[in-house]
Amino acid sequence: MNGPALHDTPVPASWRIALPHSTAAVPVARALVRTALAELKHAADSDTAELLTAELVANAVEHTAGDGPIELVVELMPTSCQVEVHDPDPAPPGNLTIPHPVGEPDPWQEHGRGLLLIRTLSSSCGHRPTDSGKAVWFRLPVVPAQRRPT
């Protein structure tokens, strides 16, 4: 038989979890992404996925009002992994989709690099409106097991 057998093809899977609107959400989100990717034979780069997830969750906590939960959605597909963070604020997330925003982040400031990291390290990223606010997302390609660091 040429090509992968039907049972060898990864089945898309997804996880959805409500997270507290606090900084405590960041390590929980990272752990969920790490666990989800560890379950798969062909997964996206876990370190990059964790970093970008932490940035999305931290931005949602810091830049949206209220104490209602935010939501993390992780979708694993045969060729990619997509992570979304849903928050109640409908305003777009700064310069996430601008290819070359004016000015570089100030190297002396604590903030200002998260969206740059997401734009630079993901294969694609963006945002979309939802019924209750917006979803900000990034996508990473899968990396075959033999090419992943051990």
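Read on for a plain summary of the structure.

**Let's talk about the pairing of strand β3 (residues 80-87)**
No. 1: For β3, the tally of buried residues reaches eight of eight residues, placing the bulk of the element in the interior.
No. 2: Neither face of β3 is exposed, since Ser80, Gln82, Glu84 and His86 on one face and Cys81, Val83, Val85 and Asp87 on the opposite face are all buried.
No. 3: Where strand β2 (residues 70-76) lies against β3, six bridges are found, and the strand directions are antiparallel. By the bridge assignment, Leu72 is partnered in β3 with Val85.
No. 4: If you look at the hairpin formed by β2 and β3, you'll find three residues sitting between the two strands.

**Thoughts on the pairing of β2**
No. 1: Where burial is concerned, most of β2 is hidden: five out of the seven residues are buried.
No. 2: Sheet analysis places strand β1 (residues 13-19) next to β2, joined by seven bridges and oriented antiparallel. Each residue of the ladder has a partner; that of Ala13, found in β2, is Leu76.

**Here's the deal with the packing of helix α2 (residues 46-63) against helix α3 (residues 114-121)**
No. 1: With their axes 10 Å apart at the nearest point, α2 and α3 run at an angle of 145 degrees to one another. When the axes of α2 and α3 are compared, the crossing they make is left-handed. Every residue of α3 that contacts α2 at Thr48, Leu51, Leu52, Glu55, Leu56 and Asn59 is listed here: Gly114, Leu115, Leu117, Ile118 and Leu121.
No. 2: Partitioning the contact of α2 with α3 into residue classes produces seven nonpolar, three polar and one charged.

**Side note on the pattern of salt bridges**
No. 1: Following the criterion strictly, the structure yields five salt bridges and no others.
No. 2: Here Glu50 and Arg34 are joined by a salt bridge, their closest N and O atoms 3.1 Å apart. Taken together, the residues Glu50 in helix α2 and Arg34 in helix α1 (residues 25-38) connect sequence positions 16 residues apart.
No. 3: With relative accessibility at 7%, the residue Glu50 sits in the buried group.

**A look at the side chain of Gln82**
No. 1: Along the polypeptide, Gln82 turns up in strand β3.
No. 2: Given the relative accessible area of 8%, Gln82 is considered buried.
No. 3: A polar contact of 3.2 Å, which involves the side chain of Gln82, links it to the side chain of Glu84.
No. 4: Every residue in contact with Gln82, bar those within four places of it in the chain, is listed here: Val73, Val74, Glu75, Met77, Trp137, Phe138 and Arg139.

**A closer look at the side chain of Thr130**
No. 1: With respect to the helices and strands, the residue Thr130 is situated in strand β4 (residues 124-130).
No. 2: Overall, the relative accessible area of 19% leaves Thr130 in the buried class.
No. 3: Residues in contact with Thr130, not counting those within four places in the same chain, are His86 and Ala135.

Basis of the calculations
- Residues numbered from 1 in each chain as written.
- Predicted model: local features only at pLDDT ≥ 70, side-chain atom pairs only at ≥ 80, totals over all residues.
- Heavy atoms only, no water.
- Buried < 20%, exposed > 50% of the residue type's maximum accessible area, 1.4 Å probe, protein only.
- Helix = DSSP H or I, 4+ residues; strand = E, 2+ residues; numbered from the N terminus.
- Pairing = 2+ DSSP bridges.
- Axes fitted to C-alpha atoms, helices over the stretch in contact; angles between N-to-C directions.
- Left-handed = near helix turned anticlockwise from the far one by under 90°.
- Contact = heavy atoms within 4.5 Å.
- Nonpolar A, V, L, I, M, F, W, Y, C, P; charged D, E, K, R; others polar.
- Salt bridge = Lys/Arg side-chain N within 4 Å of Asp/Glu carboxyl O.
- Polar contact = N/O pair within 3.5 Å; in protein donor to acceptor, adjacent residues only side chain to side chain.

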